[in-house]
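Summary of the model geometry
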Amino acid sequence: MAEADKVCSESGCARKHYGRGLCGLHYQRQRKSGSTTANGTERGAPKRMLDAACDSKSELCLIWKFSVGGHGYGQINIGGAPRLVHRIVCEKLHGPAPSCEFEAAHSCGNPLCINPQHLAWATPVANQSDKYKHQTDNKTVQNWQRKLTTQDVVEIRENVLGLTIKQAAAHYGVSLSSIIRVRALKQNADVI
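How each quantity is defined
Residues numbered from 1 in each chain as written. Predicted model: local features only at pLDDT ≥ 70, side-chain atom pairs only at ≥ 80, totals over all residues. Heavy atoms only, no water. Core = buried A, V, L, I, M, F, W, Y, C linked by side-chain atoms within 4.5 Å. Buried < 20%, exposed > 50% of the residue type's maximum accessible area, 1.4 Å probe, protein only. Helix = DSSP H or I, 4+ residues; strand = E, 2+ residues; numbered from the N terminus. Contact = heavy atoms within 4.5 Å. Phe/Tyr/Trp six-rings, centres within 6.5 Å; stacked < 30°, edge-to-face > 60°. Pairing = 2+ DSSP bridges. Arc of directions from axis to C-beta.

The next point concerns the nonpolar core. One finds Leu-50, Trp-64, Ile-76, Val-85, Val-89 and Ile-114 to be the most contacted residues of the largest nonpolar core, which totals 16 residues. Looking at this core, the elements with two or more residues in it are α2 (45-54), α3 (85-94) and β4 (119-122). Among all residues touching Trp-64, those that are not within four sequence positions of it are Pro-46, Met-49, Leu-50, Gly-74, Gln-75, Ile-76, Val-85, Leu-112 and Ile-114. Counting ten residues, the second-largest nonpolar core is a separate cluster that includes Ala-169, Val-174, Ile-179 and Val-182.

Under the definition given, this model contains two aromatic pairs. Relative to Tyr-27, the ring of Tyr-18 lies with its centre 4.9 Å away and its plane at 65 degrees, an arrangement referred to as edge-to-face. Aromatic side chains Trp-64 and Phe-66 sit 5.2 Å apart centroid to centroid with 70 degrees between the ring planes, which places their arrangement in the edge-to-face category.

For the rest of this paragraph, the subject is the pairing of strand β2 (residues 81-84). It is a general feature of regular strands that their side chains alternate between the two faces of the sheet. Across four bridges, the pairing between strand β1 (residues 75-78) and β2 is antiparallel. Considered in β2, the bridge of Gln-75 is made with Leu-84. Between β1 and β2, which pair antiparallel one after the other, the connecting turn spans two residues, and Gly-79 there sits at a positive phi close to 65 degrees.

Along helix α5 (residues 150-158), the residues classified as buried are Asp-152, Val-153, Ile-156 and Arg-157. An end-on view of α5 places all buried positions within 130 degrees of arc, on one side of the element. Against α6 (165-172) and α7 (176-184) lie the buried residues of α5. One or two residues past the end of α5 sits Asn-159, with phi positive at roughly 50 degrees.

So this is what it looks like as C-alpha cells:
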C-alpha cells in the first residue's frame, strides 16, 4: 500500500497515516497517555491511582493511564517537577535505591506497569538484560517507540518495493538512518 493511501486505523478517523497505523494526533495520544481516546485528566486522578497502586496486592499489571514521558515510562508532577511513577512505587515498597546508580526494574517487562509486586531495584546492567529478555529495549522488534511495524521491517529488509533508501524513508515516514539500520542488520533478524 502506498504511503499516500495509508490512513489512521482509529475508528472514524480518515487522517493520513503517521506511524504504527495511526495519524499524528492518535499516535501522540497513544504515546503520551497509552490511549488513543485520552482527552484530559480529572484533577487528582493520577495521585489517587498512584496511592492505590502502592497499596495493591494484585498479581496483575497495573497500567499507568496518565502522562507518559518520551522515554515510555509513566510520570507525575510532584512539586512542579516530573517524577517517574514506577520509581516512586518502588521506593514506597522497597525503600530508597541502594545507590544512585540503581534503577527500578519491571519483572513483567511492561514500562507502564506500576504494580509494586513487579518492581525491584536493579543495576543498569541487570535491568538492560531484563529489557532485552522482555524485548522492550531500543534494539528489539517489540520496542514501543517504533513507527515501523514488524511487516514494515520485513518489507524494508527484503526491499520488496524496490525503493531507494531515500524513497523508503519517505514511504515509511522514518529517517534515512532508520532505513539504513534496518537494511544493514538484515542478517540479524531479531534486532533492528
